[in-house]
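Analysis of the macromolecular model
Each chain is listed here by its residues.
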Amino acid sequence: MASGGTTTRKSHKKQRQHRELSASTKKALLAGGIGLVVLVGAVLAFDMLTAPPEPDLQMATAEEVSGFLGHRRGFARLSLEEREAFLGEVAQRCDTPERIQALSLALSHLSYEERQQFLDATFEITKDKFLKAAEQYTRTPKAQKRQFADHSLKQLQTLQQKLCGTPPVGGPPREGSLASAFQDHFPDKSEAWIKMVVARTTPAERALAKPFIDDMVERAERTQLNRREQVR
């Protein structure tokens, strides 16, 4: 009986030893944890040191602004609100054809990947604002939906004129406009456009936006038809 009790106590002791970490193991894990914290801190510090500073738009050259816009640790690292505010300031600074052309030229000198980095970061702003507008459209009384769609369409046309220099209908952006630097990034067929939008949105987002888009497209088509009839 005594022998059996001794054996049982030894077995429990071994189980506790397996469950409890030894002092050397605890030190090793602690050292590894500290090392991981130091490593993460070093990566964050490196990221902060290599991230380009946000340019002072009152003093910055077009090249400095375009470099910040295309850098993966620059414009793309800002929050959506910060990106929108920065682009608003850039738009205010581009208040002459000469400044627009200078920034367009600087953007065209970025690599394809840098320009795409900027477009991807900007698309997130556009999608966020458009979905919010679509939500507001669904809440708008039916009698006021046409007015809402007309107002939104005019805003888009104003933005197009600002960025693209009022290009011909269906035509490419005019040379020297801000959008001309990105001609190679956009598809030239409607099927490719649809594919690109689908890849960047969820089914729920597309379902939300569809009535709003359909209404604006209808308003745009009617506006073009009226202009053609007036020309005749």
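Going by the structure above, here's the rest.
This is a predicted model, so every value here is computed, not measured.

Section: the nonpolar core
Ranked by internal contacts, the top residues of the largest apolar core, which has 21 residues, are V65, L69, F75, F86, V90 and L107. Those elements that place two or more of their residues in this core are α3 (62-70), α4 (80-93), α5 (97-108) and α6 (112-139). Broken down by element, the residue count for this core peaks at four residues, all from α6. If sequence neighbours within four positions are ignored, F75 has contacts with F68, L69, R83, F86, L87, F118, A121, T122 and I125.

A closer look at the pattern of salt bridges
This model, assessed by the stated rule, comprises seven salt bridges. When the shortest N-O distance is used, the salt bridge between R99 and D95 registers 3.1 Å. For R99, a relative accessible area of 36% puts it in the partly exposed group. Note that R200 and D120 form a salt bridge whose closest N and O atoms lie 2.9 Å from each other. Of the two residues, R200 sits in the loop between α8 (190-199) and α9 (203-231) while D120 sits in helix α6, which places them 80 residues apart along the sequence. Given the relative accessible area of 26%, R200 is considered partly exposed.

Structural notes on the packing of aromatic side chains
Throughout the structure, instances matching the rule amount to eight aromatic pairs. Centroid distance F130 to F212: 5.1 Å. Interplanar angle 40°. Geometry classified as tilted. Of this pair, F130 sits in helix α6 while F212 sits in helix α9, and the two are 82 residues apart along the sequence. Relative to F212, the ring of F148 lies with its centre 5.7 Å away and its plane at 55°, an arrangement referred to as tilted. With a gap of 64 residues between them, F148 in helix α7 (residues 142-164) and F212 in helix α9 connect regions that are remote in the sequence. The class of F212 is buried, set by a relative accessible area of 1%. Each member of the aromatic cluster is reached from another via a ring pair, and the members are F68, F75, F86, F118 and F182.

Rules used in this analysis
- Residues numbered from 1 in each chain as written.
- Predicted model: local features only at pLDDT ≥ 70, side-chain atom pairs only at ≥ 80, totals over all residues.
- Heavy atoms only, no water.
- Core = buried A, V, L, I, M, F, W, Y, C linked by side-chain atoms within 4.5 Å.
- Buried < 20%, exposed > 50% of the residue type's maximum accessible area, 1.4 Å probe, protein only.
- Helix = DSSP H or I, 4+ residues; strand = E, 2+ residues; numbered from the N terminus.
- Contact = heavy atoms within 4.5 Å.
- Salt bridge = Lys/Arg side-chain N within 4 Å of Asp/Glu carboxyl O.
- Phe/Tyr/Trp six-rings, centres within 6.5 Å; stacked < 30°, edge-to-face > 60°.

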